[in-house]
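# Examining the three-dimensional arrangement
Below, each chain spelled out in residue letters.
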Amino acid sequence: MPDASKVNSMFARIASKYDLANRMLSFGIDRIWRNRLVEEVDVRNPETVVDLATGSGDVAFALRADLPDSTRIKALDFCAPMIEEAKRKQVALNEPRIEFGVGDILELPLDENSSDAITISFGYRNLEDRHKGLLEMMRVLKSDTGHLFILEFSQPHPLYRPFYYFYLKCVMPFFASLITRDLEAYKYLCSSIESFPDRAGITRELEDAGFRDVIAIPMALGSVALHIGRA
Ligand SMILES: C[S@@+](CC[C@H](N)C(=O)[O-])C[C@H]1O[C@@H](n2cnc3c(N)ncnc32)[C@H](O)[C@@H]1O
């Protein structure tokens, strides 16, 4: 499992280049994945949503654009420079209706049984203790009705796997280091994806933490998945 303080300082280093790198390295497809996440949240009509590991806030902004005004949206990340980026975007977009703050998933500054939905996009893989993180999310979600949505990299279809890992190991770090000047961060990205469980493995993790009705929706030939579970 990744070391939390190393993860935090790595995101602090790349915070100001994070959005640009994301758009270029995923060829803009990352927006489609996040929009699918937002659609799945929307159909469940939550009154309160918390976006964890929000980073520069893309999921929080997409949720805000889609959900009714009455829905309360909070967004937390444990890396202060990432939250500063999100707040800068909030001013630029003139979107004051999201409450951004610093908060660690392993010790959430949120009341138990207080949220209808928790979203976490490309942050679950970075947790030092995923089981502890899931138990914290379970504590905060309203029991029986609350839903957890995890958007994360996954293991692609075997036929696509060699091409995918060639891109991740050989092509992507080169371009990422041109954009961010931080080769180490993108080597970490690759190794963390390679060692991450497949959809069945993450389904088991959610069920072991007590989530019910767990489903996994594959995207991008299985290289990304949306996992949904009920508290
Ligand atoms: C790859 S970024 C994803 C950002 C955003 N959700 C997105 O989809 O673009 C991962 C984020 O997870 C955050 N993170 C990692 N571990 C965390 C933890 N224990 N608590 C809160 N945030 C965490 C990092 O600071 C980073 O901003």
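For the structure, see preceding data.
In short, a report on the structure. (Residues numbered from 1 in each chain as written. Predicted model: local features only at pLDDT ≥ 70, side-chain atom pairs only at ≥ 80, totals over all residues.)

### Looking at helix H7 (residues 161-180)
An α-helical segment advances 3.6 residues per turn. Residues three or four places apart therefore align on the same side. For H7, the principal kink sits at Met172 and spans about 45 degrees; a proline, Pro173, occurs within the next four residues. By the burial criterion, the buried members of H7 are Leu168, Pro173, Ala176 and Thr180. If you follow the buried residues of H7, they end up packed against helix H1 (4-14), helix H2 (18-25) and helix H8 (183-194). With its phi angle positive at about 60 degrees, Arg181 sits one or two positions after the end of H7. (Bend = angle between axes of the 7 residues up to and from the residue. Helix = DSSP H or I, 4+ residues; strand = E, 2+ residues; numbered from the N terminus. Buried ≥ 20, exposed ≤ 12 C-beta atoms within 10 Å, placed from the backbone. Contact = placed C-beta atoms within 7 Å.)

### Notes on the packing of H2 against H7
Remark: H2 packs on H7, axes separated minimally by 10 Å, with the N-to-C direction vectors making an angle of 150 degrees. Between H2 and H7, the crossing angle belongs to the class labelled roughly antiparallel. For the pair H2 and H7, the sense of crossing is right-handed. Across the interface between the two elements, Leu20, Ala21, Met24 and Leu25 from H2 touch Met172, Phe175, Ala176, Ile179 and Thr180 from H7. Residues of the contact of H2 with H7, tallied by class, amount to 8 nonpolar, 1 polar and no charged. (Axes fitted to C-alpha atoms, helices over the stretch in contact; angles between N-to-C directions. Parallel < 35°, antiparallel > 145°, perpendicular 65-115°, else oblique. Left-handed = near helix turned anticlockwise from the far one by under 90°. Nonpolar A, V, L, I, M, F, W, Y, C, P; charged D, E, K, R; others polar.)

### Notes on the site of the ligand
In the vicinity of the ligand, 20 residues are found, and the nearest of them are Ala53, Gly55, Cys79, Ser121 and Gly123. At the level of elements, H1 and helix H4 (58-66) are the ones that each hand at least two residues to the shell around the ligand. Of the residues forming the shell around the ligand, the biggest block, 3 residues, is contributed by H1. Classifying every residue of the shell around the ligand gives 12 nonpolar, 5 polar and 3 charged. (Near = placed C-beta within 6 Å.)

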